[in-house]
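Letter by letter, the chains look like this.
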Amino acid sequence: MSLSEIRTRLTAAERRAGRPEGAVTLIAVSKQQPDARVEAVLKDGHRVFGENRVQEAAGKWPAFRERYDGIELHLIGPLQTNKARQAMELCDAIHSLDRPKLAATIARLAQDMGRCPGLFVQVNTGEEPQKAGVTPAEADAFVAECRAMDLPVRGLMCIPPVDEEPTLHFALLAKIAARNGLQGLSMGMSDDFEQAVMQGATHVRVGSAIFGSRAAV
Ligand SMILES: *Cc1c(COP(=O)(O)O)cnc(C)c1O
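Residues numbered from 1 in each chain as written. Predicted model: local features only at pLDDT ≥ 70, side-chain atom pairs only at ≥ 80, totals over all residues. Heavy atoms only, no water.

K.L.:
How should helix H5 (residues 100–113) be read in this particular structure?
P.N.:
Because an α-helix packs 3.6 residues into every turn, residues spaced three or four apart end up facing the same way. In this model H5 runs 20 Å from its N-terminal to its C-terminal C-alpha over 14 residues, within 8% of the 20 Å that 1.5 Å per residue would give. Among all positions of H5, only Leu102, Ala103, Thr105, Ile106, Ala107, Leu109 and Ala110 are buried. In this structure, the buried side of H5 is in contact with helix H4 (84–90), strand S4 (93–97), strand S5 (118–122) and helix H6 (136–148). Directly beyond the C-terminal end of H5, a positive phi value near 75° is found at glycine 114. (Helix = DSSP H or I, 4+ residues; strand = E, 2+ residues; numbered from the N terminus. Expected span 1.5 Å × (residues − 1). Buried < 20%, exposed > 50% of the residue type's maximum accessible area, 1.4 Å probe, protein only. Contact = heavy atoms within 4.5 Å.)

Dropping the structure here:
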């Protein structure tokens, strides 16, 4: 597949969902992709990218930013507190805010740095033990806690369990966001982004469908 094909499908999904064209931000997930593939997508004019590891983002994006204007980088993977400063320096948004200690660290650094990336609270909608994120039951209190620290919480993020109907998880995330007055919904990947758009996604995170399969880790 390719960027233009995914853009076409995204626009069609927005239309089917009765949403304005451009309502959904396409985050091209470039983790583990060779630079040449990333550069081809930059040359096509795309500017919004996602990485799941701070280390990899640090190795790759400063050089691209020197050569291309207007890049917007989203951290979509788990964040250790000792990498929070680096993540905040590198990224425009962080989608993996998932615990009070990380929230407190980001709040302190934001004071120090005078800026803060947009934040998405990760919700473990499937309540899977191996997955990051607050549980749906903890979400309201955690969002309130983040707001009390003046953190710019833009929305919620989820990664549904692989073997379940994603639409149910997207709908649950949308419900939690609505009752907390949050606009942003980071949900949907290569296999299910159109379903996510139907459920109100504002950000879809699409990797392999744009770039091809990733190098083995
Ligand atoms: C890798 C990754 C994606 C993209 O996955 P694809 O199936 O390649 O589209 C989306 N979100 C997160 C959190 C990821 O780690």
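Next, the rest of the story.
K.L.:
How do you make sense of the packing of aromatic side chains when you look at a structure like this?
P.N.:
Scanning the model with the defined rule gives two aromatic pairs in all. Seen from their ring centres, phenylalanine 49 and tryptophan 61 are 4.7 Å apart, and the 40° between their planes marks the pair as tilted. In this pair, phenylalanine 49 sits in strand S2 (residues 48–51) while tryptophan 61 sits in helix H3 (residues 54–67), placing the two residues 12 residues apart along the sequence. In this structure, phenylalanine 49 and tryptophan 61 share a single accessibility class: buried. Their ring planes at 55° and their centres at 5.0 Å tell us that tryptophan 61 and phenylalanine 64 sit as a pair that is tilted. Taken together, the positions of tryptophan 61 and phenylalanine 64, both in helix H3 and three residues apart, correspond to about one turn of that helix. Taking relative accessible area as the criterion, tryptophan 61 reaches 1% and is therefore assigned buried. Here a set of aromatic residues connected by ring pairs shows up, and it is made of Phe49, Trp61 and Phe64. (Phe/Tyr/Trp six-rings, centres within 6.5 Å; stacked < 30°, edge-to-face > 60°.)

K.L.:
Explanation requested: the pairing of strand S3 (residues 72–75) in the structure shown.
P.N.:
Look at any regular strand and the pattern is simple: side chains alternate between the two faces of the sheet. Two strands pair when backbone bridges link them, and S2 and S3 are joined in this way by four bridges, in the parallel orientation. In the strand pairing of S3, glycine 50 is matched with histidine 74. Between S2 and its parallel partner S3, the chain crosses via H3, and the hand of that crossover is right-handed. Strand direction decides the pairing type here: S3 and S4, joined by two bridges, are parallel. Looking across to S4, one finds that histidine 74 is bridged to alanine 93. Regarding topology, H4 serves as the crossover connection from S3 to the parallel S4, and that connection is right-handed. (Pairing = 2+ DSSP bridges. Right-handed = clockwise from strand over helix to strand, strands pointing away.)

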